[in-house]
Amino acid sequence: MALQCGIVGLPNVGKSTLFNCLSNAKAQSANFPFCTIEPNVGVITVPDERLNVLAGLVNPQRIVPTTVEIVDIAGLVKGASKGEGLGNKFLANIRETDAIIHVLRCFDDDNVVHVDGNVNPIRDKEIIDYELQIKDLETIENRIKRVEKQAKTGGDKTAKVQYSVLKAYLAALQEGKAARSVTFESKDEQIAAKEMFLLTNKPVLYVCNVDEESAVNGNEYVNQVKEIAKAEGAEILVVAAKTESEIAELETFEERQMFLEEIGLKESGVARLIKSAYTLLQLQTYFTCGEIEVRAWTFHKGWKAPACAGVIHTDFEKGFIRAEVIKYDDYVALGSEAAVKEAGKLGVEGKEYIVQDGDIMHFRFNV
């Protein structure tokens, strides 16, 4: 399931430092492998304490975590929508991602020059918002020209739905709002909206890059971003990228934990960011447990049992008969699958069962 989060931001906001911390995540835990598909794409393990708990109970030959892809997208400058800097490449790379991690500089440092002369995360955010909105406006105006006549004069129902969606998006963007601020009630409109692939329709997580002193409680810059994010219904994460890079260089897990405790953190910003990226993509995890392996599997929130079975193999979905389901808490409390069965806690579910995050699954199928 190759879904990607793209890290975006202006130059010198700490975007690449953060990406490099992610690439060094393997130094923070043996369960954080990282590999490079292209120079700017990393496949990063999603830290999940439940996987280790289950492995401790089952003692398998191997443990297989789930992953998420993070893309380091070239820094944007003003005029990107018109091709300035690496604008065209930047916008094309964003279009290919499924969600956006928007890094904002929320620290003062005279040794790190800001492209616009001073630190102002709200202005920085608005620069990128504006460039993405301009590109979306261009896309929408071109599409309106193509479907308007069909929608108004013909009997093409699809064209009418597309035209209605395009007009709604056009109105929002002309008001300086992102496409994601527009909601549609009918299923046809929702499908048409998704097929637009608009840049500002992607879910966004704002990452406030702060200095070490602000890693726990944030600062005034972070408070400004919180207000904007709240108005948009977006999430924010506070990370000290420079500090994270120092943590990644420490040799042992104990040293890294001691460092985190000294600055008042229970978990590294990198781990929190990976988890947040996973959630941003509307992804959840179910597990399979056995002596050979304990494994985490990724699925989309809301998927039913057959679709989740298909994550393992398409034959599992095609020949789906039923799913045997154990709740994570029951498995941990009782200690084994046999004990769960004896306690009558193993559920047998059919095709309509909506898989829940943390479910331990065993699929029955016949092809």
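Everything numeric in this text was worked out from a predicted model, so none of it was measured.

**Some words on the nonpolar core**
Grouped together as the largest cluster of nonpolar side chains are 61 residues, with contacts concentrated most on Cys5, Leu22, Ile70, Ile101, Cys106, Val207 and Leu273. Among the elements that take part in this core, helix H10 (residues 269-280) stands out by supplying six residues, more than any other. If near-sequence neighbours (up to four positions away) are discounted, Val207 is found in contact with Leu18, Ile101, His102, Val103, Leu104, Leu237, Val239 and Leu273. In terms of nonpolar packing, the next biggest core, distinct from the first, is built from 20 residues, Ala159, Val165, Ala192 and Met196 among them.

**Comments concerning the pattern of salt bridges**
All told, the structure shown has 16 salt bridges when counted by the stated rule. Ionic pairing is found between Glu232 and Lys125, a salt bridge with its closest N-O pair at 2.7 Å. Here Lys125 lies in helix H4 (residues 121-153) and Glu232 lies in helix H7 (residues 220-232), a separation of 107 residues in the sequence. Among the ionic pairs, Lys177 bridges to Glu175, the shortest N-O distance being 3.3 Å. Here Lys177 falls in the partly exposed class, since its relative accessible area comes to 42%. Residue classification places Glu175 among the exposed positions, given a relative accessible area of 56%. What you see here is one network of salt bridges that share partners, running through Asp48, Arg50 and Asp357.

**A look at unusual backbone geometry**
Of note in this structure, Asn59 is not a glycine but carries a positive phi near 55°. Asn59 sits in the exposed class, given a relative accessible area of 64%. In the Ramachandran plot, Gln282 falls in the positive-phi region, its phi being about 60° despite a non-glycine side chain. For Gln282, the position within the fold is in the loop between H10 and strand E9 (283-289).

**Looking at the environment of Tyr331**
Tracing the chain through its elements places Tyr331 in helix H13 (residues 328-334). Residue class for Tyr331 comes out buried when judged on its relative accessible area of 5%. Expressed as a C-alpha distance, the spacing of Tyr331 and Leu346, which sit 15 residues apart in the sequence, is 9.4 Å.

**Considering the packing of H4 against helix H5 (residues 157-174)**
In the contact formed by H4 and H5, the axes pass within 9 Å of each other and the chain directions differ by 145°. In this structure, H4 crosses over H5, and the sense of that crossing is left-handed. Residues Gln133, Asp136, Leu137, Ile140, Glu141, Arg143, Ile144, Val147, Glu148, Gln150, Ala151 and Lys152 of H4 form the contact with H5, whose own contacting residues are Ala159, Lys160, Gln162, Tyr163, Leu166, Lys167, Tyr169, Leu170, Leu173 and Gln174. By residue class, the composition of the contact of H4 with H5 is 11 nonpolar, four polar and seven charged.

**A closer look at the packing of aromatic side chains**
In the structure shown here, the tally under the stated rule is six aromatic pairs. Summarising the aromatic geometry, the rings of Tyr286 and Phe299 are spaced 5.9 Å apart at their centres and angled 45° between planes, so their arrangement reads as tilted. One end of the pair, Tyr286, is in strand E9; the other, Phe299, is in strand E10 (residues 293-300), and 13 residues separate them in sequence. Judged by its relative accessible area of 0%, Phe299 falls in the buried class. Chaining the aromatic ring pairs together yields one cluster made of Tyr286, Trp297, Phe299, Phe320 and Phe363.

**Side note on the layout of surface pockets**
There is about 780 Å³ of room inside the largest pocket. Lining the largest pocket are 22 residues, and of these Asp98, Lys194, Asn201, Lys202 and Pro203 sit closest to its centre. It is helix H6 (residues 187-194) that provides the largest number of residues to the lining of the largest pocket, a total of three residues. Of the residues contributing to the lining of the largest pocket, the split by class is 11 nonpolar, six polar and five charged.

Cut-off values and rules
Residues numbered from 1 in each chain as written. Predicted model: local features only at pLDDT ≥ 70, side-chain atom pairs only at ≥ 80, totals over all residues. Heavy atoms only, no water. Core = buried A, V, L, I, M, F, W, Y, C linked by side-chain atoms within 4.5 Å. Buried < 20%, exposed > 50% of the residue type's maximum accessible area, 1.4 Å probe, protein only. Helix = DSSP H or I, 4+ residues; strand = E, 2+ residues; numbered from the N terminus. Contact = heavy atoms within 4.5 Å. Salt bridge = Lys/Arg side-chain N within 4 Å of Asp/Glu carboxyl O. Axes fitted to C-alpha atoms, helices over the stretch in contact; angles between N-to-C directions. Left-handed = near helix turned anticlockwise from the far one by under 90°. Nonpolar A, V, L, I, M, F, W, Y, C, P; charged D, E, K, R; others polar. Phe/Tyr/Trp six-rings, centres within 6.5 Å; stacked < 30°, edge-to-face > 60°. 1 Å grid on protein atoms, 1.4 Å probe; cavity = no way out; pocket = protein on both sides within 12 Å on 5 of 7 lines; lining within 4 Å. Points joined across faces, edges and corners; volume = space filled by probe spheres on them.

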